[in-house]
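# Fold and contact review
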Amino acid sequence: MDIVSAGTITEAITAAAGAAGTAVGRQAWEALLTVARRVRHRGAVEPAAGESATAELAPVVPLPVDPASEPQVRELITTLVEHQRQDPGLAADLAGWAREHAAALHVTVHYDRSEDHSSVSNVVSGNARVAKLIQGRDFNGTINF
């Protein structure tokens, strides 16, 4: 699974908050809050023994969040970034949200490869006649010959 970097999440949330006055920004912000609401319910604390089953859910994400309030946006960013490290479902939801809205928010998506332990083996062998060759993994940017 590709985990979007914390820097990308921070940049995308900040961009969505800043653009919330536009149609595109409002759409991205509402989609983000939908992700946050799902996290809030997944992070609910089960009632302790003897408590009623209707005990109030412990909010993982403080909602509602006013996109014009810098402290609230900062708290949302901190909470989501912290929880994405522990919750693969949230990491996938945030990655999907970031990929979907990145272009509209003018944000470049970067991935966190710190937990990626895979490898790539690039081999050219035999009587191969290669004029131009690029081998590798995770290329970013333009490649020109």
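What comes next concerns the included structure. What you see is a predicted model; the values in this text were computed from it and never measured.

Attention now moves to unusual backbone geometry. Notably, H106 is not glycine yet its phi reads approximately 60°, a positive angle. On the secondary structure map, H106 appears in the loop between helix 4 (88-105) and strand 2 (111-112). Classification of H106 as exposed rests on a relative accessible area of 71%.

What follows covers the packing of helix 1 (residues 6-18) against helix 4. Where helix 1 contacts helix 4, the two axes come as close as 10 Å, and the packing angle between them is 55°. The orientation of helix 1 with respect to helix 4, classified from their angle, is oblique. For helix 1 against helix 4, the interelement crossing comes out left-handed. Between helix 1 and helix 4, the contacting residues are I9, A12, I13, A15 and A16 on the first element and L94, W97, A98 and L105 on the second. Across the contact of helix 1 with helix 4, the residue classes break down as nine nonpolar, no polar and no charged.

The rules behind each value
- Residues numbered from 1 in each chain as written.
- Predicted model: local features only at pLDDT ≥ 70, side-chain atom pairs only at ≥ 80, totals over all residues.
- Heavy atoms only, no water.
- Helix = DSSP H or I, 4+ residues; strand = E, 2+ residues; numbered from the N terminus.
- Buried < 20%, exposed > 50% of the residue type's maximum accessible area, 1.4 Å probe, protein only.
- Axes fitted to C-alpha atoms, helices over the stretch in contact; angles between N-to-C directions.
- Parallel < 35°, antiparallel > 145°, perpendicular 65-115°, else oblique.
- Left-handed = near helix turned anticlockwise from the far one by under 90°.
- Contact = heavy atoms within 4.5 Å.
- Nonpolar A, V, L, I, M, F, W, Y, C, P; charged D, E, K, R; others polar.

Any link to function would need more than the numbers given here.
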